[in-house]
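What follows is the residue order along each chain.
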Amino acid sequence: MTSARTSDLTVVPVPAHGAEDVVVATSGPDEGCVFTGTEDGSIFRVSHDGARVDRVARTGGRPLGIEIDADGRLLVCDAKRGVLRVDTATGAVETVTDRVGGEPMVFCNNAAIASDGTVWFSDSSRHYGIERWKDDFIQVTRSGRLMRMATDGTVEVVLDGLAFANGVALSKDEDFVCVAETGARTVVRRWLTGPRAGMRDLLCQNLPGYPDNIARGSDGLIWVTIASPRDAVVERLQGAPMRVRKLVTRIPQKLQPQPARTVRVQAYDDEGRLVHDLDLPGERYHMVTGVREHDGRVWMGSLHEPAIAAHDL
């Protein structure tokens, strides 16, 4: 296992707050560029050296997870608008789906695209949107879902009852899909092919903190963000009577439990073995919620930072 604790972190500012996720273009005119979305609805393109940052689109919502499809367009999970497609050349935004079973999604979060065009995506909560994510996290509503959208646009729920469904990733051979359960500190695996097809188990569990987005890197590993380390107070609250849990998130923000300032991401192979554990100081950057490894460089996004960051393995 490779571990790191060093200040060797490159921080690239973007002109808006909350660059939550990152994705790297591996071909086409944007090859090498990094895309991220911010809380004002913007989608930004960042040159590989970080010297240039351009706004390429506005979603009109809150973009979270970002993927790149076979046509070079961005597939964006917008917390308020659902699954979108964005043309980075024209800035055009198209709604792919904003409903599941005829009902609007409340908190569309992250996605992964299979080689055949199938889209796997998460809806974190049926009860609370992004502005009240802490309510779902503390109350443990277990209303998160993982969905499959076929190439004909048909959407089906594959996993339900998840404790704040978050990041989504496919294995290298696409024999399983996995989704992070932030509230349970696990990454759930759903087998797609082979003798275990249809079965559910865990890729990893008892994580050292709360996972957010996950993504398969160019190294074939599944990279997992640890947005904040495990908090004993939070976990006691999660087990408290529901009336107490509902009251906690109504107290002033400054009195609520706050995420620790850390920069941490881990990488697991398809057997669930920990391969990398990057635990970096959080003085200049913190609360990593998006990760993408590409050619030995680990790009990171943060729900709370007006910047993306990079670390060379």
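Scroll up for the structure.
Description of the structure in this document. Starting from 1, residues in each chain are numbered consecutively following that chain's sequence as written. Residue-level local features of this predicted model are given only where pLDDT is at least 70; pairs of side-chain atoms are given and counted only at 80 or more, and the full residue set underlies all totals for whole chains, interfaces and linings. The basis for the side-chain values is all heavy atoms of the structure; hydrogens and waters are excluded.

## Description of the overall build of the protein chain
Condition: Secondary structure counts use DSSP, requiring at least four H or I residues in a row for a helix and at least two E residues in a row for a strand, with both numbered from the N terminus. We take the radius of gyration over the C-alpha atoms and set the globule estimate at 2.2 Å times the residue count to the 0.38 power. Exposure is judged per residue with a 1.4 Å probe applied to protein chains only, and the accessible area is read against the type maximum: over 50% gives exposed, under 20% gives buried, and values in between give partly exposed. Contacts: residue pairs with any heavy atoms within 4.5 Å of one another. Here the open area of atoms and residues is found with the Shrake-Rupley method and a 1.4 Å probe, where only the protein chains shown may cover a residue. Working convention for charge: Lys and Arg count positive, Asp and Glu count negative, and His plus the chain ends are omitted. In plain terms, the charge of a residue is placed at NZ if it is Lys, CZ if Arg, CG if Asp and CD if Glu.
Along the backbone of the protein chain there are three helices and 27 strands. Radius of gyration (C-alpha) of the protein chain: 18 Å, near the 20 Å computed for a compact globule of 313 residues. Overall, the protein chain is about 55 × 45 × 40 Å in size when its C-alpha atoms are taken along their principal axes. Expressed as a percentage of the 313 residues in the protein chain, the buried residues total 57%. Taking all contacts inside the protein chain whose residues are at least 6 apart in sequence as the whole, residues at least 24 apart take part in 49%. Of the roughly 13,000 Å² that the protein chain leaves accessible, carbon and sulfur atoms contribute 47%. The positive charge centre, built from 37 side chains, and the negative charge centre, built from 44, are 8 Å apart in the protein chain.

## Here we look at the environment of Ala-215
By the secondary structure assignment, Ala-215 is in strand E21 (residues 209-216). Under the relative-accessibility criterion, Ala-215 is labelled buried at 3%. For the pair Ala-215 and Ala-169, spaced 46 residues apart in sequence, the C-alpha separation works out to 5.1 Å. In this structure, Ala-215 is in contact with Ala-169, Leu-221, Ile-222, Trp-223, Val-291 and Arg-292, ignoring residues within four places of it in sequence.

## Considering the sheet that holds strand E18 (residues 176-181)
Where strands meet in a sheet, backbone hydrogen bonds hold them as pairs that are either parallel or antiparallel. Quick note on the threshold: Strand pairing is assigned whenever DSSP detects at least two bridges linking the two strands. Fitting a line to C-alpha atoms yields each axis, with helices limited to the stretch in contact; the angle taken between N-to-C directions then spans 0 to 180 degrees.
If you walk across this open sheet you meet the four strands as E17-E18-E19-E20, and the pairing is antiparallel. Edge strands, defined here as strands with exactly one partner in the open sheet, are strand E17 (165-170) and strand E20 (200-204). Taking each pair of neighbouring strands and ignoring which way they run, the sheet shows an average axis angle of 30 degrees.

## A short note on the pattern of salt bridges
Put simply, the test is: One side-chain nitrogen of Lys or Arg within 4 Å of one carboxyl oxygen of Asp or Glu is enough to make a salt bridge.
Counting across every chain of the model gives 20 salt bridges. For Arg-52, the salt bridge goes to Asp-54, with nearest N and O atoms at 2.8 Å. A salt bridge links Asp-69 to Arg-85; the nearest nitrogen and oxygen atoms lie 3.2 Å apart. Here Arg-85 lies in strand E9 (residues 82-86) and Asp-69 lies in the loop between strand E7 (63-68) and strand E8 (74-78), a separation of 16 residues in the sequence.

## What to know about the pairing of strand E25 (residues 288-294)
If a strand is regular, its side chains alternate between the two faces of the sheet. Most of E25 is tucked away, with seven of its seven residues classed as buried. Here E25 runs beside strand E26 (residues 297-302); their pairing, made up of six bridges, is antiparallel. Residue pairing in the sheet places Gly-290 in a bridge with Gly-301 of E26. Hairpin geometry of E25 and E26 is characterised by an intervening segment of two residues between the two adjacent antiparallel strands and by a positive phi of about 55 degrees at Asp-295.

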